[in-house]
Amino acid sequence: LADITRAEETLDPEDWDELRALGHRMIDDMFAYLSSVRTRPAWQPVPAEIKEQLDEPLPLDQRDAAEVYEEFKRHVLPYPTGNIHPRFWGWVKGTGTPLGMLADMLASGMNANILGHDQSAALVETQVIKWLAELLGMPRESSGVLVSGGTTANLIALTVARNARAGFDVRARGLQHAEAQPLVLYASTETHSCAQKAVELLGLGNESLRRIHVNKDYQIDIEALRGAVARDRADGCKPFCVIGNAGTVNTGAVDDLTALAAFCREEELWFHVDGAFGALAALAPSLKAMVAGMEEADSIAFDLHKWMYLPYEAGCVLVRDAGAHRATFALTPSYLKPTARGIAAGGLTFAERGIQLSRGFRALKVWMSLKTHGARLFGRLIEQNVRQARYLGELVESHARLELLAPVSLNIVCFRFRVAGLSEAELNALNEEILLRVQESGVAVPSSTQLGESFALRVAITNHRSRLSDFELLVEAVTNIGEAVLRS
Ligand SMILES: *Cc1c(COP(=O)(O)O)cnc(C)c1O
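First things first, this report covers the structure right here in the doc. (Residues numbered from 1 in each chain as written. Predicted model: local features only at pLDDT ≥ 70, side-chain atom pairs only at ≥ 80, totals over all residues. Heavy atoms only, no water.)

Counting its regular elements, the protein contains 14 helices and 11 strands. Here the protein has a C-alpha radius of gyration of 25 Å; the compact-globule value for 488 residues is 23 Å, and the two agree. Principal axes of the C-alpha set define a box for the protein whose edges measure 85 × 60 × 45 Å. Across the 488 residues of the protein, 49% fall into the buried class. Sequence-distant contacts, at least 24 apart, represent 74% of the contacts inside the protein between residues at least 6 apart. One way to put it: in the protein the 49 positive side-chain charges average out to a point 5 Å from where the 61 negative ones average out. (Helix = DSSP H or I, 4+ residues; strand = E, 2+ residues; numbered from the N terminus. Rg over C-alpha atoms; globule rule 2.2 N^0.38 Å. Buried < 20%, exposed > 50% of the residue type's maximum accessible area, 1.4 Å probe, protein only. Contact = heavy atoms within 4.5 Å. Lys, Arg positive; Asp, Glu negative; His and termini not counted. Charge placed at Lys NZ, Arg CZ, Asp CG, Glu CD.)

In this section: the sheet that holds strand S3 (residues 209-212). Ordered in space as S1-S7-S6-S5-S4-S2-S3, the seven strands form an open sheet in which the pairing is mixed. Across the chains shown, the open sheet's two edge strands, defined by having one partner strand only, are strand S1 (143-147) and S3. Each adjacent strand pair in this sheet contributes to an overall mean axis angle of 20°, direction not counted. Sheet analysis places strand S2 (residues 183-188) next to S3, joined by four bridges and oriented parallel. Within S3, the position partnered with Ser-188 by the bridge is Ile-212. Those strands touched by helix H8 (residues 194-201) are S2, S3, strand S4 (238-245) and strand S5 (270-274), and its axis lies near 155° from that of S3. (Pairing = 2+ DSSP bridges. Axes fitted to C-alpha atoms, helices over the stretch in contact; angles between N-to-C directions.)

Once that is clear, we can look at helix H14 (residues 468-487). Compared with an ideal rise of 1.5 Å per residue, which puts 20 residues at 28 Å, H14 spans 29 Å between its outermost C-alpha atoms and is within 8% of the ideal. Tucked into the core, H14 has its buried residues touching helix H12 (363-397), strand S8 (402-404), strand S9 (412-417), helix H13 (424-441) and strand S11 (454-460). (Expected span 1.5 Å × (residues − 1).)

What follows covers the packing of aromatic side chains. In this structure the tally under the stated criterion is four aromatic pairs. The cationic tip of Arg-40 hangs over the ring face of Tyr-33; the distance from NZ or CZ to the ring centre is 4.0 Å. Positioned above the aromatic ring of Phe-350 is the side chain of Arg-353, whose terminal nitrogen or guanidinium carbon lies 5.0 Å from the ring centre. (Phe/Tyr/Trp six-rings, centres within 6.5 Å; stacked < 30°, edge-to-face > 60°. Lys NZ or Arg CZ within 6 Å of the ring centre and 35° of its normal.)

If you check the shell around the ligand, you find 13 residues, and the closest are Gly-150, Thr-151, Asp-274, Asp-303 and Lys-306. Contact between the ligand and Asp-274: a nitrogen atom at 2.7 Å from a side-chain N or O atom of the residue. Within the complex, 85% of the 380 Å² of free accessible area of the ligand lies under protein. Its residues placed into classes, the shell around the ligand shows four nonpolar, six polar and three charged. (Near = heavy atom within 4 Å. Polar contact = N/O pair within 3.5 Å; in protein donor to acceptor, adjacent residues only side chain to side chain. Areas by Shrake-Rupley, 256 points an atom, 1.4 Å probe, with all protein chains shown as cover. Nonpolar A, V, L, I, M, F, W, Y, C, P; charged D, E, K, R; others polar.)

Looking now at the sheet that holds strand S10 (residues 447-451). Within the open sheet, the four strands sit side by side as S8-S9-S11-S10. Their pairing is antiparallel. In the strand order of this sheet, the two ends are held by S8 and S10, each with one partner. Taken pair by pair, the neighbouring strands of this sheet meet at an average axis angle of 40°, ignoring direction. Two elements, S8 and S9, share three bridges in a ladder whose sense is antiparallel. Along S9, the bridge assignment pairs Glu-403 with Arg-416. Each of S9, S10 and S11 is contacted by H13, which is oriented at about 30° to S11, the strand it contacts most. Along the sheet face, H14 touches S8, S9 and S11 and points at about 25° away from the line of S9.

All right, on to the pattern of salt bridges then. Pairs can form between side chains of opposite charge whenever their charged atoms are close. Here the structure, examined in full by the defined rule, presents 24 salt bridges. For Glu-266, the salt bridge is made with Arg-226, and the minimal N-O distance between the two is 3.3 Å. One end of the pair, Glu-266, is in helix H10 (residues 257-267); the other, Arg-226, is in helix H9 (residues 222-234), and 40 residues separate them in sequence. According to the relative accessible area criterion, Glu-266 is exposed, its value standing at 54%. Within the structure, one salt-bridge network assembled from shared partners comprises Arg-25, Asp-29, Glu-70 and Lys-73. (Salt bridge = Lys/Arg side-chain N within 4 Å of Asp/Glu carboxyl O.)

Looking now at the layout of surface pockets. In this structure, the largest pocket encloses a volume near 930 Å³. Taken together, 23 residues form the lining of the largest pocket, with Leu-11, Asp-12, Pro-13, Glu-14 and Leu-19 sitting closest to its centre. Of all the elements in the fold, those that place two or more residues in the lining of the largest pocket are helix H1 (16-35) and helix H3 (65-76). In terms of residue count, H1 provides more of the lining of the largest pocket than any other element does, nine residues in total. The class makeup of the residues in the lining of the largest pocket is nine nonpolar, four polar and 10 charged. When its volume is computed, the second largest pocket comes out at roughly 710 Å³. (1 Å grid on protein atoms, 1.4 Å probe; cavity = no way out; pocket = protein on both sides within 12 Å on 5 of 7 lines; lining within 4 Å. Points joined across faces, edges and corners; volume = space filled by probe spheres on them.)

Listed below in structure tokens is the structure:
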């Protein structure tokens, strides 16, 4: 009984005005931080003493939020990944937007959980999925769901493909029964590693993913694909899916999606497109033709945190056959049953389209951003990035010390510093050293990849803050550092 009389507690502030004032300060500080991003290094390592500060005993007692915020400003904020910077072009990382940041705050304030149900947040997500389907040329009645990113989006799509095309009830029987034919699927050697993660998780095994070689433009060789499918059929395997790339991670290559769509129709294979960033090229009138054929896909996986620049995390999967999508994930235990009226009337629309049950309101930043900026501005920014990639390609080609290592098809430029008379191994070591010094200089962040025998400096532009002059600075940094490494 003593316990019943104890004062009840909550996580709400005792003094709302005080927390509100702190919140306003946080917003002011973040705007100052974002608007001055260009004045800071693109990246800097986390100093040893900060790493120590970030390894502390578990806090057991209360502290002032303002004090903790000061620690955030000292220990966390100054050492970001760098991808908000105008000269960050490593891997494929989007920039984020100030409006997206605010939308995430609003979403967090509402703290909506979108399994489905009769609530505005589910309607916002439904709306966003329809808009995205329209932008990518998929039917408006396609099914879709927002997810954490491209990896999850690809996993979900490939799960639907497996279940829809296995020829037996995978959900009931799994893949282990004796009469199951080995299921196999196809993708080019340039396909992102998340496809391997997916087939491993799906119980198909890495060997089920047949890697088909590419042509000189890094596109899947369709004749080789045709041969592989025929061989697998002759060997008693069951081909079920082809993954086409709209923008490969190494070079930005786009497979011939129209030809792949036709091939999949002929062979009755599921046609999936990994368009993590490249699918968004469909938003730009001048680039749309490059991804033609994507709209014939059975499923498309793509990110909104890459080439739509929205804050992490936001990816999307679209599935043409809504029934197949639902049939893969729907489960309705009694505690989740829809009701005729009341909050559960809408059912579990979104929980039935993927892995997650509880899901956050990532749709809000997409909805607010599309409504505020308009799809056309996103299209122009995507075009701008492609123009910048071509400009960098030209700078590289016109510089005696630089060499382009792959065609610039979309927004990725692979190049290296070259010196006559050096072996491939020496050039690779030299360029790796250049890469690390450029990153450490804080001037810019490219990343790298291996193309054939060659180590390439790799610039992937999904950045709405970059300007042409930023690429001139990169070329200057690479060539100056290259000469310095040669002298050292
Ligand atoms: C980034 C990327 C992925 C994975 O997406 P995440 O959002 O990082 O999970 C898959 N495919 C391609 C082509 C990518 O560029």
